Amino acid sequence: MKIKPYLIFFGLVLAGITSSAQNDSTAFLTKAFKTLDNYSAKNPVEKVYLQIDRSYYVPGDTIWLKAYVTAGVKQVPSGISNVLNVVLMDGQGEIRQMDRLPVIGGLTWGDISLADTLPPGNYRIVAYTNWMRNAGADYFFNRNIRIMKPGPVLPVASPSARKDSIKRTGEKADIRFFPESGSLVDGVRSKVAFKAMTSNGLGIDANGIVTDDTGQQVAVFKSSHLGMGIFYLTPEQGKSYKASVTFADGSQCVVNLPAAAGRGFVMNINNADSSTIRVTVTASRGIVNDPQQFGEVNLVAQAGGRVYYTARSKVTSEPLVALVPKSKFPAGIVQFTLFSADGEPLNERIAFIEPHDQVRLALKPDKAGAYVPRQKVRISLDAADSSRKPLTASLSASVVNESVLHEDADTDPGIFSFLLLTSDIKGYIEKPGYYFSNTGAARSDLDILMLTQGYRRFEWKKILTGDETPASYAPEKTLTVSGHVKTPGGKPVAKAKVSLLSSQGGFMMLDTVTDQNGRFVFDKLMIIDSLRCKIQAHTAKNGQNVVVTIDDSLPQLPNYGISAAGDSTIVIRVATPARQPVSNIPDKIPANGHAKALKGVTIKATKPLLENSSNLNGPGNADQVVLFKNISLACPSIAECLIGKLVGVFFKYDPQNFDYFPCMYSDGNIVILKIMVDGVMIDPKYLNTIPVETVESVELLRSSNYTSIYGNDAHNGLILVNTKKGNFSGITSKPNIANYTVKGYYKAREFYSPKYDHTGPGNSTADNRITVYWKPNIITGKDGKAWIEYYNADGKGTYRVIVEGIDENGRLGRAVYRYKVE
C-alpha cells in the first residue's frame with residue numbers, strides 16, 4: 001500500500017512546545033516526557049555484570065570474578081552504590097556463601113572458594129546492590145555454573161543429546177502465542193510470535209498449522225531458533241482459530257489462539273534496517289468507520305527510563321507510519337507505546353538497538369602459530385572507539401584450557417548480552433550469547449525474542465497516575481548495621497541508647513541513639529571478613545524493658561530456574577590431542593588445578609589427649625576429634641574453622657545472620673546437629689558467638705556406640721565443643737540484647753600464576769590448571785594499550801582468552817581469542 005506523505009508521523013521536539021499551542025495530545029506528550037524524566041531522576045537504574053573465569057568447577061576450586069556496576073540511561077560506571085553483595089546458591093535455592101565487596105567507581109573484584117565437601121550439581125552466582133532491591137530480584141545478576149565431581153574425562157556429547165534427554169525425562173512440551181503489540185484485531189494482518197518449550201524452560205523445535213472454525217488452513221508455522229518463530233494471520237471477528245502443533249520429540253497438541261478484538265490497533269515494528277526502525281500502526285475497521293472515537297494517537301519511545309522519541313497523528317483509514325533513526329536511541333531495549341489522545345496505553349512493543357558505539361578491543365599475541373606447555377605468553381591489548389581513537393578502559397581477562405571442558409559460547413552471558421538484554425527482561429533467556437554472534441539469523445531471532453519476552457522495568461499507568469512505590473532500600477555507601485528498638489508491645493522507642501560491642505580482635509564499642517521511629521543506624525563501618533558483636537539498647541533513662549531487632553539484610557532470592565540451564569551448559573570433551581604421549585594424558589579432572597604425587601605412608605592412630613573434654617564416653621571417645629591448636633585461627637567463627645574438617649558434616653549458610661550451621665543428611669532430609677559446649681546444650685545460633693581462641697577441641701559423635709549415652713539429644717549426631725577453661729556457663733539472651741555477626745568486606749585474593757624459566761622438564765609438580773590466568777584490574781593507558789603476560793599450563797589443546805570491560809562513558813567491550821598449545 002502506498003503511503004501518503006501527510007500520513008507520516010512527525011516527531012515532536014518537546015522543548016519547543018509552548019503552553020498556548022498545546023492540544024490534548026501535545027499536553028499528554030509533554031506530561032509523559034516530564035513525568036518519566038522525574039521518575040528516572042528519582043529511581044536511576046543500577047545494574048551489575050560479573051565476568052567469571054568459567055562456568056564449570058569441581059569442589060575445592062576457586063571462582064574468580066570481576067564486577068561492573070553501571071547506572072543510568074548510558075550505563076556508565078555507577079556512583080550510586082559502594083557495596084556489592086555476591087551470593088552462591090545451590091540447586092535447591094539454599095545460600096551456600098555470601099560475600100560483600102567494596103565498589104569504587106563502579107568496579108570491584110573478588111573470588112569464591114568452593115569447599116571440598118560441596119556436592120556436585122547446578123549452582124547460581126547472584127550479585128546485587130541494596131539499591132537494586134527496589135526493582136526486585138528478577139533484575140539481579142544471576143548466572144548458572146556447574147560444580148562437577150572429579151572423575152574420568154568423557155567423550156564429546158552428540159548433537160542429538162539434548163533431544164534424547166527430552167525423550168528420556170518425559171518432560172511435557174508446551175507452546176504459547178504472542179500477537180505483536182498485544183492482541184489480534186478484526187481485519188488487520190498481524191505478526192504472531194510463538195515460543196515452544198519443555199517443562200524445564202528450555203526451547204524445543206515445533207511446527208504446525210493454524211485453521212479457522214470451518215477447518216480451513218489459514219497459516220503455517222515452524223520455529224527458527226530454540227522453539228521460537230513467527231507467522232502472519234488476518235483474523236476476523238466472530239471466528240475462532242486453533243493451532244495444531246507437532247514438537248521435535250514427536251508429541252502433539254492443539255491450542256486455541258486468542259480471539260480477535262472487534263476494535264483496536266496493531267502496531268508493527270520492522271527492525272531489519274541497520275539505521276532505521278519502521279513503525280506502522282493500523283486501525284481496525286470499527287475504528288476507521290468511527291474515527292471520532294480516537295481522533296489522534298500518540299507514539300512514545302523510551303529507553304532506560306528516558307523518552308527519546310514522541311510523535312502524534314490523526315487516525316485515518318490508511319496505516320500510520322513512522323521512520324525513526326536508530327541513532328536517536330542508546331544501545332539496548334527500546335519500548336514503543338501507542339497512547340490515545342488522553343493517555344490510555346493501547347499497544348506496546350519492544351525492539352533491540354544494537355550498539356553503535358563501543359570499546360573495540362584488539363588482542364595480539366607475541367607469536368604466530370601454536371605454543372607449547374609452560375611457554376611464556378604475552379598478549380597486547382588495544383582499546384579504541386568506533387573511529388579508532390584510543391580509549392582508557394577498565395578490563396578483566398581470563399584464560400582457560402577449553403579442551404578439557406568445553407563451554408557453549410552461546411550460553412555464556414557476556415557483558416553485552418547481560419547489560420543490554422538480560423538485565424532488562426524478566427524470565428529466563430536461553431543462550432543469550434547467541435544473539436550477539438553478529439549473524440543475520442541471530443539479529444532476526446533477537447527480534448522474535450522481543451515478541452516473546454516482556455519489558456517490565458516499569459508500567460506507564462503507574463507512572464502517569466503518580467502511583468509509584470517509594471524506594472524502600474537506600475544505596476549503601478558504607479557497611480551499616482541498622483534496626484529498631486521497640487517496647488514489648490511493639491511501640492517505637494525514641495531516643496533510646498544503642499551500643500554495638502565486640503571483643504573480637506580487641507574491644508570495640510560504638511554508640512548511637514534512635515530517631516522518632518525507634519530506628520538506629522551504625523554506618524561508616526570498615527570491617528574485613530566479619531565481626532561478631534552484641535547490639536544492646538536502653539531507654540533514655542537506662543531502662544532495659546525494650547526489644548532490639550536487626551534489619552533484614554538479604555532479599556528473598558528466587559531460584560532463577562537453576563534446573564532450566566542445567567546440563568545444556570556444559571559439554572565434556574576428551575582433554576588430549578591424539579599425538580600427546582599416553583603417559584601425559586590426564587584421566588581425571590583435577591580437583592583444584594594442582595596435583596602432586598605423594599609417597600605412601602603408614603599412619604598409626606592414637607587417641608588425642610584432651611584436658612577439658614566434656615564427653616560422657618570419656619575424653620577422645622568420638623568418631624572424630626579436632627584439636628584447635630592444629631587449626632589456623634584466622635577464621636572468624638568456630639563453624640568456619642570446621643568447614644571441610646568434619647566427616648559427613650556440611651555447613652549451611654544462614655544469610656540472615658551471616659553464620660554457618662553444622663548439618664547432616666538424615667533420611668534424605670537436612671538436619672541441624674545438636675551442639676553442647678562444655679556439657680551445656682546450646683541453641684546452634686549461639687555457636688559462633690563463642691570466641692574461636694577460647695576453644696580447645698571439638699568432638700564429633702555420629703555412630704550409635706557414642707551417641708546412645710546422650711539419648712534423643714544425639715539421635716542425628718552431636719558436636720561437643722570443649723573450651724580451654726572447661727567452665728562454659730551457658731549463653732543467655734535478653735530482649736534488649738541482640739547477638740549479630742556483621743558481614744564485612746571480603747578481601748580478594750590474588751590469582752596465583754606460576755613462572756617457568758624454561759619450557760622443558762625439570763619441575764616435577766604437574767600443572768593441570770584449567771584456569772590458566774586471571775587478571776581483574778587491567779587499565780589501558782591514554783594510548784589505549786595494555787598487556788597480559790603468563791605461562792601456559794601442562795595441558796595441551798585450545799586455550800581461550802576472553803577480555804571484557806567498560807570505559808568511563810559506559811561503552812562496553814569484549815574480545816575472544818584462541819590459540820593452540822601442542
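Note that residues are indexed from 1 along each chain, following the sequence as it is written. Confidence filtering applies because this is a predicted model: local features only for residues at pLDDT of at least 70, side-chain atom pairs given and counted only at 80 or more, and all residues used for totals across whole chains, interfaces and linings. Side-chain numbers come from the whole structure's heavy atoms, not from hydrogens or water.

Draft legend 1. Representation of the overall build of the protein chain in the model. Under the scheme used here, helices are H or I runs from DSSP no shorter than 4 residues and strands are E runs no shorter than 2 residues, and both carry numbers assigned from the N terminus. Along the protein chain, the regular secondary structure elements total eight helices and 50 strands. Classification of the 822 residues of the protein chain by burial places 51% in the buried group. Taking as baseline every contact in the protein chain between residues at least 6 positions apart, the subset at least 24 positions apart corresponds to 71%. All accessible areas in this document rest on Shrake-Rupley with a 1.4 Å probe, and a residue is counted as covered only by the protein chains that are shown. Just so you have it, the protein chain exposes about 37800 Å², and 50% of that area is on carbon and sulfur atoms. Exposed residues in this analysis have more than 50% of their type's maximum accessible area, buried residues have under 20%, and partly exposed residues fall in between, with area computed by a 1.4 Å probe over protein chains only. Should any heavy atoms of two residues lie within 4.5 Å, those residues are counted as being in contact.

Draft legend 2. Up close: the pattern of salt bridges. Definition used for salt bridges: Asp or Glu carboxyl oxygen within 4 Å of a side-chain nitrogen of Lys or Arg. Enumeration according to the criterion identifies 23 salt bridges in this entry. Its salt-bridge partner being lysine 239, residue aspartate 212 comes within 3.6 Å of it at the nearest N-O pair. Taken together, the residues span a long stretch of sequence, with aspartate 212 in strand 13 (residues 206–212) and lysine 239 in the loop between strand 15 (228–233) and strand 16 (241–247) at a distance of 27 residues. Several salt bridges converge on common partners, so that one network encompasses Asp53, Arg54 and Asp61.

Draft legend 3. Quick look at the nonpolar core. Of all hydrophobic cores here, the largest spans 85 residues; its most connected members are Leu50, Val86, Leu421, Tyr435, Met450 and Phe628. Setting aside chain neighbours within four positions, we find leucine 421 in contact with Ile333, Phe352, Phe416, Ile429, Tyr435, Phe436, Leu446, Leu449 and Met450. Put simply, a nonpolar core is a bunch of buried Ala, Val, Leu, Ile, Met, Phe, Trp, Tyr and Cys residues held in one set by side-chain atoms that sit within 4.5 Å of each other. Core analysis: the next-biggest nonpolar cluster, separate from the first, contains 26 residues, Tyr371, Ala383, Leu391 and Val821 among them.

Draft legend 4. Up close: the packing of aromatic side chains. We call Phe, Tyr and Trp rings a pair once their centres come within 6.5 Å, taking the six-membered ring for Trp, and we label the pair stacked below 30 degrees between planes, edge-to-face above 60, and tilted otherwise. Going through the model one piece at a time under the given rule, you end up with 25 aromatic pairs. Ring centres 5.2 Å apart and planes at 70° place the aromatic pair tyrosine 434 and tyrosine 435 in the edge-to-face group. Given the relative accessible area of 13%, tyrosine 434 is considered buried. Any Lys NZ or Arg CZ found within 6 Å of a ring centre and within 35 degrees of that ring's normal is scored as a charge over the ring. The positively charged end of lysine 367 is found above the aromatic ring belonging to tyrosine 371, 5.1 Å away from the centroid.

Draft legend 5. The arrangement of helix 5 (residues 440–452) in detail. Multiplying one less than the number of residues by 1.5 Å gives the expected span of a helix. When the terminal C-alpha atoms of helix 5 are compared, their 19 Å separation across 13 residues agrees well with the 18 Å that a helix rising 1.5 Å per residue should span. If you check which residues of helix 5 are buried, you get Ala442, Asp445, Leu446, Asp447, Ile448, Leu449, Met450, Leu451 and Thr452.

Draft legend 6. Quick peek at the pairing of strand 23 (residues 332–340). Most of strand 23 sits inside the fold, with nine of its nine residues counted as buried. Two strands pair under a simple rule: DSSP has to find at least two bridges between them. Where strand 20 (residues 296–303) meets strand 23, six bridges bridge the pair, whose relative direction is antiparallel. By the bridge assignment, valine 300 is partnered in strand 23 with threonine 337. Here strand 23 runs beside strand 24 (residues 345–353); their pairing, made up of eight bridges, is antiparallel.

Draft legend 7. Broad picture of the sheet that holds strand 39 (residues 659–666). Across the sheet, three strands lie side by side as 38-39-40; this open sheet has antiparallel pairing. Either end of the sheet is taken by a strand with one partner, and the two such strands are strand 38 (650–654) and strand 40 (669–672). On average, adjacent strands in this sheet sit at an angle of 50° to one another, irrespective of strand direction. In the sheet, strand 38 pairs with strand 39 via five bridges, with the strands oriented antiparallel. Bridge pairing in strand 39 links phenylalanine 650 to cysteine 663. Helix axes are fitted to C-alpha atoms over the stretch in contact, other axes to C-alpha atoms as well, and angles between N-to-C directions run from 0 to 180 degrees.

Draft legend 8. Layout of the sheet that holds strand 50 (residues 812–821). Ordered by their spatial adjacency, four strands build an open sheet running 47-27-49-50, and the pairing between neighbours is antiparallel. One side of each edge strand has no neighbouring strand; the edge strands of this open sheet are strand 47 (771–779) and strand 50. Pairwise comparison of adjacent strand axes, ignoring direction, gives a mean angle of 10° for this sheet. For strand 27 (residues 393–401) and strand 49 (residues 797–807), the ladder comprises nine bridges, and the chain directions are antiparallel. Bridging across to strand 49, leucine 395 finds its partner in glycine 805.

Draft legend 9. Just the pairing of strand 8 (residues 107–113), in detail. The buried fraction of strand 8 is high, at five of seven residues. Note: strand 4 (residues 62–71) against strand 8, seven bridges, orientation antiparallel. Within strand 8, the position partnered with tyrosine 68 by the bridge is leucine 107.

Draft legend 10. Seen up close, the side chain of arginine 769. When you line up the elements, arginine 769 lands in the loop between strand 46 (766–767) and strand 47. For arginine 769, a relative accessible area of 6% corresponds to the buried category. A distance of 2.7 Å separates polar atoms of two side chains, one belonging to arginine 769 and the other to aspartate 767. Among the polar contacts made by the side chain of arginine 769, one reaches the main-chain carbonyl oxygen of tyrosine 791 at a distance of 3.3 Å. Residues adjacent in sequence count toward polar contacts only when both atoms are side-chain atoms; beyond that, a polar contact is any pair of N or O atoms within 3.5 Å, and within protein one must be able to donate a hydrogen and the other to accept it.

Draft legend 11. Molecular detail of the side chain of aspartate 212. Owing to a relative accessible area of 5%, aspartate 212 belongs among the buried residues under this scheme. Side-chain polar atoms of aspartate 212 contact the side chain of threonine 214, separated by 2.6 Å.

Draft legend 12. Molecular detail of unusual backbone geometry. Phi at lysine 495 takes a positive value of approximately 60°, unusual for a residue other than glycine. Mapped onto the secondary structure, lysine 495 falls in the loop between strand 29 (479–486) and strand 30 (497–502). Relative accessible area serves as the criterion here: at 55%, lysine 495 is assigned to the exposed category.

Draft legend 13. Broad picture of the environment of lysine 74. Relative to the assigned elements, lysine 74 resides in the loop between strand 4 and strand 5 (76–77). Owing to a relative accessible area of 61%, lysine 74 belongs among the exposed residues under this scheme. Along the sequence, lysine 74 and glycine 332 sit 258 residues apart, while their C-alpha atoms lie 9.8 Å from each other. Setting aside its immediate chain neighbours within four residues, lysine 74 contacts Asn809 and Gly810.

Draft legend 14. A look at the confidence of the model for the protein chain. Per-residue confidence from the predictor is reported as pLDDT, which spans 0 to 100. Per-residue confidence for the protein chain gives a mean pLDDT of 83; residues scoring 70 or more make up 85%. Across residues 153–170, where pLDDT falls below 50, the model places 29 contacts with residues more than four positions away in sequence or in other chains.

Draft legend 15. The arrangement of the environment of aspartate 424 in detail. One can find aspartate 424 in the loop between helix 4 (415–420) and helix 5. A relative accessible area of 9% means that aspartate 424 is categorised as buried. Put simply, aspartate 424 and phenylalanine 140 are 284 residues apart on the chain and 9.9 Å apart in space, counted from C-alpha to C-alpha.

Draft legend 16. Representation of the environment of proline 754 in the model. For proline 754, the location among the structural elements is in the loop between strand 45 (737–743) and strand 46. For the pair formed by proline 754 and valine 772, sequence separation is 18 residues and the distance between their alpha carbons is 9.4 Å. With sequence-adjacent residues up to four places away left out, proline 754 is seen in contact with Asp767, Arg769 and Tyr791.

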